[in-house]
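# Topology and contacts: notes
Here's the letter readout for the chains.
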Amino acid sequence: MTQGATKMKPLNGIRIVSIEQFGAAPYGSMFLADLGAEVLKIENLAAGGDPARHLGPYFLGENDSQYFQTWNSNKRSVALDLKSPEGRAGLERLVAGADAVMNNLRGDKAAPAGLDYASLSRIKPSIVCLHLSAYGRDNSRASWPGYDYLMQAESGLMDLTGDPDRAPARMGAPSIIDHATGLTAMVGLLSGIIQARSTGIGCDVDTCLFDVALHQLGYSATWYLNEGHKATRQTRSSHFAVTPVQTFPTRDGWIFIMCMTDRFWQALVQRLDNPDIGRDPRFAEAASRTAHRAALTELLDADFRRHDTDYWMRTLGGVLPIAPVLDIGQALDNPFLQESAMIGTMDHPARPGLRLLANPIKINGQRLAQSPCPAAGADTGQALGCR
């Protein structure tokens, strides 16, 4: 019998203590909480808790916001001042009953704060200590502050984003590197827990925003490191080596076409109004299409402009890889999101039926249930009273 994901979650029984704020670490630990782990979010009430609670413009009563809830569903909030003797004693009590302790402090802060394996293994040898920082803990930048957009700048990602005749640009969606780093950190943390459960010995796990941003260069980094090939910004968000893989204008908007194979290219030319495009010897093979990209783009532009976006989606949807280019409102109002259940709701005390994106993971075909993170410190007594 298939059990609903809300009843049996894969990480039930795992306990994580997290000293976290803002985006990267909270995004990653939210996945653990949504998947059933008990995530105890440590907040310092004297400092107002996670600063994300105070970021507007859309607030949820006092000391809470939609910005904060975006990254903190299903967590519990524990109030501790880790710089005080009482707070440190409380943390050690939580560590004794936890599988892992994670933090997103600056790289030079974790060890002096006693959050590394050398410190916490004295309490529990199997504890896993995850460190998510800006630049890592073992280099000359360990003390540097850092944020998502800085990493996009220095990693080369900004130089690859946008049209060639424009200034370098960051990726449009907020917190892309934060999110990627949070997920990378969770892979490392869960790997450490698996090892600790089989050996009884924990470890330090490190990742950082800079390393993850650099890793997103993918094959463009491999090309440069081995061949000296320097990838550059491409017109219309084109693929570096394959065409037509880019945006095209329609009568009323834009579409993105991805003919990554000859099969998809043939499917496209069979459905264009201009049959001469498919018969042109310049476009017969993938390499020659790329060599004559500008000429091909001009011909395809003229063909795609003859009809509106809906026509091309009806004609090419499911036949070859195609998508409409939507603004954020159109993207979130897309009826397909209702079919795929990617819009969820949770009952926040200040906003019943608060709508938000569902977790993209399904278990046994069901989305993961989400509940709001409570007021800062709401779970302190209960968390410290159990092991």
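Residues numbered from 1 in each chain as written. Predicted model: local features only at pLDDT ≥ 70, side-chain atom pairs only at ≥ 80, totals over all residues. Heavy atoms only, no water.

### Points about the overall build of the protein
Of the regular secondary structure elements, the protein holds 16 helices and 13 strands. The principal-axis extents of the C-alpha atoms in the protein amount to approximately 80 × 50 × 45 Å. Summarising the internal contacts of the protein: among those between residues at least 6 apart in sequence, 66% fall at separations of at least 24. Accessible surface for the protein amounts to roughly 19500 Å². Of this, 55% is attributable to carbon and sulfur atoms. For the protein, the centre of its 37 positive side-chain charges and the centre of its 40 negative side-chain charges are spaced 3 Å apart. (Helix = DSSP H or I, 4+ residues; strand = E, 2+ residues; numbered from the N terminus. Contact = heavy atoms within 4.5 Å. Areas by Shrake-Rupley, 256 points an atom, 1.4 Å probe, with all protein chains shown as cover. Lys, Arg positive; Asp, Glu negative; His and termini not counted. Charge placed at Lys NZ, Arg CZ, Asp CG, Glu CD.)

### A look at the packing of helix α5 (residues 148-155) against helix α6 (residues 176-199)
With their axes 7 Å apart at the nearest point, α5 and α6 run at an angle of 95° to one another. One way to sum up the angle between α5 and α6 is to call them roughly perpendicular. Here Asp148, Met151 and Gln152 of α5 come into contact with α6, specifically with Ile176, Ile177 and Asp178. Each residue belonging to the contact of α5 with α6 can be placed in one class, and the counts come to three nonpolar, one polar and two charged. (Axes fitted to C-alpha atoms, helices over the stretch in contact; angles between N-to-C directions. Parallel < 35°, antiparallel > 145°, perpendicular 65-115°, else oblique. Nonpolar A, V, L, I, M, F, W, Y, C, P; charged D, E, K, R; others polar.)

### Remarks on the packing of helix α1 (residues 24-34) against α6
In the contact formed by α1 and α6, the axes pass within 7 Å of each other and the chain directions differ by 50°. Classified by the angle their axes make, α1 and α6 are oblique. As α1 runs across α6, the sense of the crossing is right-handed. Along its contact with α1, which presents Ala24, Tyr27, Gly28, Ser29, Phe31 and Leu32, the element α6 presents Asp178, His179, Gly182, Leu183, Met186, Leu189 and Leu190. (Left-handed = near helix turned anticlockwise from the far one by under 90°.)

### Regarding the side chain of Arg293
Relative to the helices and strands, Arg293 resides in helix α12 (residues 293-304). It turns out Arg293 is buried and unbridged, and the closest side chain with the opposite charge, Asp163, is 10 Å from it. If we skip the residues at most four places from it in the chain, Arg293 touches Gln234, Ser238, His239, Phe240, Ala241, Val242, Thr243 and Gln246. (Buried < 20%, exposed > 50% of the residue type's maximum accessible area, 1.4 Å probe, protein only. Salt bridge = Lys/Arg side-chain N within 4 Å of Asp/Glu carboxyl O.)

### Brief notes about the sheet that holds strand β4 (residues 100-103)
Read from one edge of the open sheet, six strands run β3-β2-β1-β4-β5-β6, paired in parallel fashion. Two strands close off the open sheet at either side, each with one partner strand: β3 (76-79) and β6 (203-208). In this sheet, neighbouring strand axes are inclined to one another by 20° on average, regardless of whether the strands run parallel or antiparallel. Running over the sheet, helix α3 (residues 85-96) touches β1 (15-19), β2 (38-43), β3 and β4 and is turned about 150° from β1. Sheet strands touched by α6: β1, β4, β5 (128-133) and β6. Its angle to β5, the strand with the most contacts, is close to 165°. (Pairing = 2+ DSSP bridges.)

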